[in-house]
Structure formats: C-alpha cells, structure tokens
Amino acid sequence: MAKLLSCVLGPRLYKIYRERDSERAPASVPETPTAVTAPHSSSWDTYYQPRALEKHADSILALASVFWSISYYSSPFAFFYLYRKGYLSLSKVVPFSHYAGTLLLLLAGVACLRGIGRWTNPQYRQFITILEATHRNQSSENKRQLANYNFDFRSWPVDFHWEEPSSRKESRGGPSRRGVALLRPEPLHRGTADTLLNRVKKLPCQITSYLVAHTLGRRMLYPGSVYLLQKALMPVLLQGQARLVEECNGRRAKLLACDGNEIDTMFVDRRGTAEPQGQKLVICCEGNAGFYEVGCVSTPLEAGYSVLGWNHPGFAGSTGVPFPQNEANAMDVVVQFAIHRLGFQPQDIIIYAWSIGGFTATWAAMSYPDVSAVILDASFDDLVPLALKVMPDSWRGLVTRTVRQHLNLNNAEQLCRYQGPVLLIRRTKDEIITTTVPEDIMSNRGNDLLLKLLQHRYPRVMAEEGLQVVRQWLEASSQLEEASIYSRWEVEEDWCLSVLRSYQAEHGPDFPWSVGEDMNADGRRQLALFLARKHLHNFEATHCTPLPAQNFQMPWHL
C-alpha cells in the first residue's frame, strides 16, 4: 500500500537513459536504503513507456494543467467580463463553486488511476524505489543510479546548498537569505527631499511600476519563464538533456540558492581528456528564452572545454521567477558550486553569456574578480533603451521607472567593476539589441557596452579623438571597411603593445589607467583603435544564430 501511495504522489518519469557498461555497478539487494538493482541494459535505450492507464490519465492531467495556465493568464479579462455580465453575485458563485469542487474530485480520481497504472509498471516501481532510497540516503551509488532517470525535477534531491562552503558559515559578509548584493540605481530625481509627503505622492507610480513589472514586464523580458512556452518546448528540452547525458556524460544537479529557489544545472567534465582546454570551466549564462538543454552550452562543448550550464529561475527545472535579484542569487550558488563542489579554482573559470545572460555574467565578474575571463555574445549595456524601443513613447516615464526599480539589468556598470580580460562579440545583423533596424549597426547596444568599458578603463585614450575614431570603426559593416579604417590611421600594434606594457609595469594592472595622458591625438587614435579591436569581435549573423566553436576565443590580455 505504501508503494501504491508513492506511485500516486510520485513525479512524472520522462526517460530512462542508456546505461554505460563502465558505469554499471554490481547488483545489490533491491528496495534497500543504500542501493537498488540497476535495470537491464535493454531497457535503457528509449523513452519511458507508460502503461495505457497511466498514459491516458497523464494526458487528462496535462490538459487540465494547460487549461489552468490559460485561465490564470486570462483571469483579469475573465473577471472583468463576468463582472459586467453580473455573474459575480452570490447566487451565481455558489453553484460555480460546486462545479469546481466536483471537477477537482474528478481530477483527484484521475491522479489515483494514474498511480495505479504506475504501480503496475515494473519500470516505474523500480524508479520510485531508487528515488525514495536517494532521499533517505544520498550515497554516491544511489545518486549514480538516480541520474539514469529523467523525471520531474521538483522531486530531485538537493545536491548543493548555498551555505555549504565553510567560509560562508563563518563569514558575515556573504549573502543573506534576502539575497546577494546588487548595484542600486541612482534616484531619478536627485536632491529631492525624501519626506512623507513625497513618498505619498510617489506611491501610485510605485504601485503601477510594481504591477507592470510583475505581470507584463517580467514575461516580456523572460518569455522562457512562461509555462505554456515551456510545455511546447518540452520534447526539445528532453532531447537536449538526453544528448548531454548520454553523449557528453553530463551530470545533472540541483542547487539551493539563498532565496530558496532551486537551480537546475548540468555539468560536463572534460578534465580527463587530452585537450588542455578541458582543464578550464566555462559557466554558461543563457538568453531570455534559452535553456541549457538547447542553448549556448554547445559552443564551448564543441571547443573542448568543461562546461557548467544552468537554467534561469522559473525556467524548466529551476524554481522561482527571473527578477534581477533572483538571477544574481542563482548565479552566486552556481559559482560556489563550481568552486567548492566541482573543484575548479576561480582562475580556471570563464564566464560566457549570450544576450540577456550578460547580466548574471557581469554580476559574477564583479562579485568574483578572480575569474579568468568574461565573454559576452550579443549582449547590451543597459535595458532601458531596449525597453523604450518596444513600448509606446507615451509610456517612457513608466517604462524607465519600472526598469530602474524592478528590472534593472545594468550590464555595463557591473562589467566596469571587473579588472580581468573581456571579449565582446557583436552580431552584425542583430535584430534584438538594436534600437532601430538590424541594418543600422550603430544602434546595436553592444557598441555602447564597448564604449563604456573602454571609457572606464582607458579614460585618457578614449577622449574626444579616440572616441570619434572608435565610433567610425564601429560603423563599419564589413571586415573590409574595418581593415580600411584600421589602416587609414596606420595603427602600429607593436608600438601600442609596448606603450601598454610599459604603463602596466610602472603603475600596475588595476583600472582605470591614465595611459595616453601625455600623448598626441594620433597616438590616442591608434591606441583607441587597437584596444577596440582587441575587445570586440564581429560575427556576421542574426541574434539567435548559434556561435560556431571557432569563434569562441579567449579574450586578449597583456
């Protein structure tokens, strides 16, 4: 009876992965807390095949879940319609509640029938035995066997806790349960007295901004967190997970962040290979509709690096919602996991981000300054210009206030706090992070990210002449035009390197540098072009085109 109840309440099982001969362990006594007999290899080659009763019951419950999601998103309009028609009176609501109660009882009965179907399936009974044994005792053998199953990630046991590193238990400067530290935006009206009257006056605007951010804004910014989209992508995500586990020997893990969100991760270890880049770990930060199963992790994997992918809060197996604070909390526990559980030193970690993942990447670079390098592909400097692009002009004040207070993705500000090597990859046909049209390459916000970084690190070089010549170089729409501008100013790379190395030897590596202070205009132009070319590479593609492995290069450094 206990096993039947476990089958009724247990998670949905999607796939049983192929077992590798080298990973098979000796058979042991089944249904014990420490180990469970592994299935025969013949059953490890396909998706889990439910019996007819479980299959049909699952379909009914899945359909009910979709209807509930649609009802949730359309509830404001439905309530308004019902109110106008007079259906919200007590005489109408009571019968409706009876219908709803009856429907819930029917769905509970369907869930019990699904449990009976699972109970009659030896594959599911074996899986639930392994899952229960792992929850009781997270031994390496139990976790190894559990990793051979792909199931609803909510039931996966936590593998790493944000407080697990001993240094955090002893330190008071680490993150609290409220979250890690973020850079806060400056007040919109500086110098205004923060009196009670002013607070009352601003309250309606603050309430409106909060409602916009937590309803329309968050879902527009992170469409991958919408349940219906995840439901539609589920087959693709399952295939991607199977590829990472079966072909790349990936290891899935659940991390618990300081805000209580559970973060879904996948680690591919290449340290045992002959390729030297396998000793380096690339932590990948996905876009606003990207998942590690089908996202940018494929680029460093093809290049031979060890890779750690993770899903945003609210994406696939990760819980929560993807607001900036939750995003930073998730990134923090991912980096801690890489250092304290996977055994990588910060100097061996590379942060790689695509698109909106630039926020968590730059936060990690700011918060963990010893990481080896940062690579930002198709990213931007600040969210406000991109948000204004897609919203009506009459909403300008509301959009700016909402972004600054609730969705402040200040990539450039965070990146300027990092002292290490940086490479920016600009998509020359990017249709997402341009503020006009894709053909207008100067409206690409990657340009602004580069300019802000160079102006912070080399303020004397990026004075009027340097800034002007870099803008000309950024306007080039082809490699031929780039080379033409570069040669027009007769950039001597050996001279630029010698100037920079001499300054570094005399003043140290910490930015900002005052190099170029006593230099003529031509010298500053040469240095500005040299530095721009070293920090930004062009890739002739649209925003969502996968980056080829040959374009995944380590950033330049002296």
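Residues numbered from 1 in each chain as written. Predicted model: local features only at pLDDT ≥ 70, side-chain atom pairs only at ≥ 80, totals over all residues. Heavy atoms only, no water.

## Structural notes on the overall build of the chain
Phase 1: Along the chain, the regular secondary structure elements total 19 helices and eleven strands.
Phase 2: Its C-alpha atoms give the chain a radius of gyration of 27 Å, within 12% of the compact-globule value 24 Å for 558 residues.
Phase 3: Its C-alpha atoms give the chain principal-axis dimensions of about 85 × 65 × 50 Å.
Phase 4: Counting the 558 residues in the chain, one finds 49% classified as buried.
Phase 5: Of all intrachain contacts in the chain linking residues separated by at least 6 positions in sequence, the fraction that spans at least 24 positions is 76%.
Phase 6: Here the chain has roughly 27,300 Å² of accessible surface; of this, 57% comes from carbon and sulfur atoms.
Phase 7: Placing the 58 positive and 55 negative side-chain charges of the chain at their respective mean positions leaves the two points 10 Å apart. (Helix = DSSP H or I, 4+ residues; strand = E, 2+ residues; numbered from the N terminus. Rg over C-alpha atoms; globule rule 2.2 N^0.38 Å. Buried < 20%, exposed > 50% of the residue type's maximum accessible area, 1.4 Å probe, protein only. Contact = heavy atoms within 4.5 Å. Areas by Shrake-Rupley, 256 points an atom, 1.4 Å probe, with all protein chains shown as cover. Lys, Arg positive; Asp, Glu negative; His and termini not counted. Charge placed at Lys NZ, Arg CZ, Asp CG, Glu CD.)

## Section: the packing of helix 15 (residues 445-457) against helix 16 (residues 464-475)
Phase 1: Put simply, helix 15 and helix 16 touch, their axes get as near as 11 Å, and they point 155° apart. In terms of orientation, helix 15 and helix 16 fall into the roughly antiparallel class. Here the hand of the crossing between helix 15 and helix 16 comes out right-handed. Here Asn447, Leu450, Leu451 and Gln455 of helix 15 come into contact with helix 16, specifically with Leu467, Val470, Arg471, Trp473 and Leu474. (Axes fitted to C-alpha atoms, helices over the stretch in contact; angles between N-to-C directions. Parallel < 35°, antiparallel > 145°, perpendicular 65-115°, else oblique. Left-handed = near helix turned anticlockwise from the far one by under 90°.)

## Looking at the pairing of strand 6 (residues 281-285)
Phase 1: Most of strand 6 is tucked away: five of the five residues are buried.
Phase 2: With burial as the criterion, each face of strand 6 is covered, one bearing Leu281, Ile283 and Cys285 and the other bearing Val282 and Cys284.
Phase 3: One ladder, built from four bridges, connects strand 6 with strand 7 (residues 306-310); its direction is parallel. Along strand 7, the bridge assignment pairs Val282 with Val307.
Phase 4: Judged from the five bridges that link them, strand 6 and strand 8 (residues 349-354) form a sheet pairing that is parallel. Directly across from Cys285, in strand 8, lies its bridge partner Ala353. (Pairing = 2+ DSSP bridges.)

## As for the sheet that holds strand 10 (residues 422-427)
Phase 1: Strands sit in the order 3-4-5-7-6-8-9-10-11 across an open sheet of nine strands; the sheet is mixed. The sheet is open, and its two borders are formed by strand 3 (160-161) and strand 11 (536-539), each paired with just one other strand.
Phase 2: Bridge analysis of strand 8 against strand 9 (residues 373-377) gives five bridges, and the strand direction is parallel. Bridge pairing in strand 9 links Trp354 to Asp377.
Phase 3: Seen against the sheet, helix 19 (residues 521-535) touches strand 10 and strand 11 and runs at an angle of roughly 55° to strand 11.

## Describing empty space enclosed by the protein
Phase 1: With the rule as written, the count across this model stands at three cavities of 30 Å³ or more.
Phase 2: In this structure, the largest cavity encloses a volume near 60 Å³.
Phase 3: Along the walls of the largest cavity sit Leu376, Ala378, Ser379, Leu424, Ile425, Arg426, Ile433, Asn444, Gly446, Leu449 and Leu536, which together make up its complete lining.
Phase 4: Elements with a minimum of two residues in the lining of the largest cavity: strand 10 and helix 15.
Phase 5: Considered class by class, the residues forming the lining of the largest cavity number seven nonpolar, three polar and one charged. (1 Å grid on protein atoms, 1.4 Å probe; cavity = no way out; pocket = protein on both sides within 12 Å on 5 of 7 lines; lining within 4 Å. Points joined across faces, edges and corners; volume = space filled by probe spheres on them. Nonpolar A, V, L, I, M, F, W, Y, C, P; charged D, E, K, R; others polar.)

## A short note on the nonpolar core
Phase 1: Ile283 and Ile351 are the most contacted members of the largest nonpolar core, which totals 99 residues.
Phase 2: Looking at this core element by element, the count peaks at nine residues for helix 10 (residues 324-340).
Phase 3: Excluding anything up to four places from it in sequence, Ile283 contacts Leu308, Trp310, Met331, Val334, Val335, Ala338, Ile349, Ile350, Ile351 and Tyr352.
Phase 4: Counting residues in hydrophobic clusters, the runner-up holds 29 residues, among them Met266, Ala303, Ala373 and Ile425. (Core = buried A, V, L, I, M, F, W, Y, C linked by side-chain atoms within 4.5 Å.)

## Things to note about the domain arrangement of the chain
Phase 1: The domain architecture assigned to the chain consists of domain 1 (1-17 + 46-161) and domain 2 (424-557).
Phase 2: On a C-alpha basis, the centroid separation for the pair domain 1 and domain 2 is 52 Å. (Domains from an automatic or database assignment.)

## Quick look at the pattern of salt bridges
Phase 1: Throughout the structure, instances matching the rule amount to 21 salt bridges.
Phase 2: Of the charged contacts in the structure, one is a salt bridge between Glu54 and Arg118, with a shortest N-O distance of 3.5 Å. A residue pair is termed long-range when its members are at least 10 positions apart, and Glu54 in helix 2 (residues 52-85) and Arg118 in helix 3 (residues 90-119) qualify at 64 residues.
Phase 3: Judged by relative accessible area, which is 0%, Arg118 ranks as buried.
Phase 4: The residue Lys280 makes a salt bridge to Asp348 at a minimum N-O spacing of 3.6 Å. With Lys280 in the loop between strand 5 (262-268) and strand 6 and Asp348 in the loop between helix 10 and strand 8, the pair connects residues that are 68 residues apart, well separated along the chain.
Phase 5: Salt bridges sharing common partners tie together Asp381, Arg445, Asp448 and Lys452. (Salt bridge = Lys/Arg side-chain N within 4 Å of Asp/Glu carboxyl O.)

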